Amino acid sequence: MTTLKLPGMIDAHVHLREPGGTHKESVTSGTAAALAGGVVGVLEMPNTNPATTDADSFTLKHKLYRSKSRCDFGLFLGSDGRNLDALNKLGNRAAGLKLYLDNTYGDLCIQHPALLEPIWERWPGPGPICVHAESTQSLSQALSLTARHSQRLHICHVSREENLRLILAAKEQGLPVTFEVTPHHLFFTVEDAKRLGPFGMMKPSLGTPHDREALWQHLDAVDCIATDHAPHTREEKLGAEPPPGVPGLETALPLLLTAVDQGKLDISRLIELTYLNPLRIFPITPPPDTWIEVDPNARYQLSNCSLQTRCGWTPFEDMWVLGRVVRTWFRGQMAFELGKICAAPGTGHDMVQGFPVNQTEFRNHT
Ligand code: DOR
Ligand code: ZN
Ligand code: ZN
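The structure displayed is predicted, hence computed values, not measured ones. (Residues numbered from 1 in each chain as written. Chains lettered and ligands numbered in written order. Predicted model: local features only at pLDDT ≥ 70, side-chain atom pairs only at ≥ 80, totals over all residues. Heavy atoms only, no water.)

Asker: Would you mind going over the side chain of Asn163 with me for this structure?
Answerer: As for its position among the elements, Asn163 is in helix α6 (residues 161-172). A distance of 2.9 Å separates a polar atom in the side chain of Asn163 from the backbone oxygen of Glu134. If we skip the residues at most four places from it in the chain, Asn163 touches Ala133, Glu134, Ser135, Thr136 and Leu139. (Helix = DSSP H or I, 4+ residues; strand = E, 2+ residues; numbered from the N terminus. Polar contact = N/O pair within 3.5 Å; in protein donor to acceptor, adjacent residues only side chain to side chain. Contact = heavy atoms within 4.5 Å.)

Right, dumping it as C-alpha cells:
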C-alpha cells in the first residue's frame, strides 16, 4: 500500500468532557479518538464541570491533561464576565479565551451584553478571544468590540451565509478576525438533520443547502477547519431533552480527503486549514517528530463500530469516504496503527508555551 505522509492535524475546537462528564468522553478516550483521526493536538473548550474560569479549575484540568493526554493539548479559559482578574493572571497559559454569546450546552454564557466591553478591554492574550456567536446580533457585537479594542477575534463554527458575509466584510476592513468551519456544517444540511433526529442536533444547527454551499464557495477565506467534537451518549441523545453536539475527531480527515478527491479543495489547502493556520492563530507549538500516514485509496463506509470515542457513535455512520488514517506518529513513536492505539496516557504535552508580557503586547497586534 502506498501511503501519503501528512502533518498531523491540530483541532482547535474540542470538548473532551473531563472533568465532570467522563461518561460521555474523557481525556484518555478523547485523545485516543484524536490519534485515530490523525489529530495530534487538541484545543479544549472550557464548558466542563467545573468550567475552566479560574486558577483552581485551570490547574485541575491542566493536571488531568498532563497525566492523561495521549496527544498534545492546549486549554481555553472561559468567562461569565465576572472573572477578569483570573483571566488576567492566567491568560498566557491558555490557548485563548472562549466566550459563549448565545446559550448552548452547559451554563457558561455571558448573560448581559454590557459584560463584554470590559473583557475586550482587559483580556491580556496572547491567544485570541474566541466566540460562540450564532445570532447575527451577537456576531455583530463581537465584531464591533474588535473594531474598537486591540484584540484578535476568532469566530467558532460559522454555519450561516449571513454571518459569513459579515465576517468577510470585517476581514475586508482589515479587522484582526479569523474563523473556523466544522465538517458537519460542510457535509450536512437541514435535510440530514431530519434524517438524523437528535444525532444531527448541535449548536449552531445544520444550515440550508444554500448555507452549506456558501461555506464551500468561500473556502478560500476560511482560516481553519475544527471539529467541535462534542460527544454525548446515545441514551442522552434519545432522552426527552437531547443535548446539542456531535463527535467529529475520527471522521474529519476521511471526509476532507474525500472532498479532495472530489476536487473541492487540494491537499496543500487541507494542510493549511488543519495544521498551518491553527498554528498561526493560536499561541501554540506543534509536537516535534510527528506526522500521519494515510491511504488515499481506501474506500469504505464510516462506522460506529470502529470508533475510539467513548460515546460510540458518529452522525456520519454509513457514509462512503475515500482516505484512511493508517498510522499516526507522535513525538517519534507510533501512536496509532490500523485501529489500534499505542500511545500511553500522559505522552501529550501542553502546546501553549506562555509568553513574557512584552511579547504578549506584540502578538496581539500581529
Ligand atoms: O453543539 C454544541 N455542543 N455546541 C456547543 O456550543 C457546545 C457543544 C457541547 O459542549 O456539547
Ligand atoms: Zn460553540
Ligand atoms: Zn464547541
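Further notes follow.
Asker: Help me understand the coordination of the zinc ion (ligand 2), please; the structure alone is not making it clear to me.
Answerer: Between any two of four tetrahedral donors, the ideal angle at the metal is 109.5 degrees; between two of six octahedral donors, it is 90 or 180 degrees. At 2.1 Å from the zinc ion (ligand 2) lie its protein donor atoms, namely His132 (ND1) and His157 (NE2). The distance between the zinc ion (ligand 2) and the zinc ion (ligand 3) is 3.5 Å. You can see His132 sitting in strand β6 (residues 129-132) and its partner His157 sitting in the loop between β7 (153-155) and α6, a full 25 residues away along the chain. His157 carries the same exposure label as His132, and that label is buried. (Donors = N, O, S within 2.8 Å, 3.2 Å for Na, K, Ca; no water. Buried < 20%, exposed > 50% of the residue type's maximum accessible area, 1.4 Å probe, protein only.)

Asker: Which parts of the structure should I look at to understand the site of ligand 1?
Answerer: Inspection of the region around ligand 1 gives His15, Arg17, Asn47, Thr104, Tyr105, His132, Met202, Lys203, Ala230, His232, Pro244 and Gly245 as its neighbouring residues. Measuring from an oxygen atom of ligand 1, one finds a side-chain N or O atom of His15 at 3.2 Å. Interatomic distance of 3.2 Å between a backbone N/O atom of Gly245 and an oxygen atom of ligand 1. In isolation ligand 1 has 290 Å² of accessible area, and contact with the protein removes 99% of it. (Near = heavy atom within 4 Å. Areas by Shrake-Rupley, 256 points an atom, 1.4 Å probe, with all protein chains shown as cover.)

Asker: Please explain the sheet that holds strand β12 (residues 333-337) as it appears in this structure.
Answerer: Strand pairing in a sheet relies on backbone hydrogen bonds. The paired strands run either parallel or antiparallel. Taken in spatial order, the 5 strands line up as β1-β10-β11-β12-β13 in an open sheet, and their pairing is antiparallel. On the outer flanks of this sheet lie β1 (4-6) and β13 (340-341), each paired with one strand and no other. When strand β11 (residues 320-330) meets β12, the two strands line up antiparallel, connected through 4 bridges. Residue pairing for β12: Thr328 is matched across the bridge by Phe336. (Pairing = 2+ DSSP bridges.)

Asker: What am I meant to see in the coordination of the zinc ion (ligand 3) here?
Answerer: Looking at the metal site, the zinc ion (ligand 3) is ligated by His13 (NE2), His15 (NE2) and Asp228 (OD), spaced 2.0 to 2.2 Å from it. Positions of the donor residues of the zinc ion (ligand 3), expressed as sequence spacing, correspond to H-x1-H-x212-D. Its relative accessible area of 7% is what places His15 among the buried residues.

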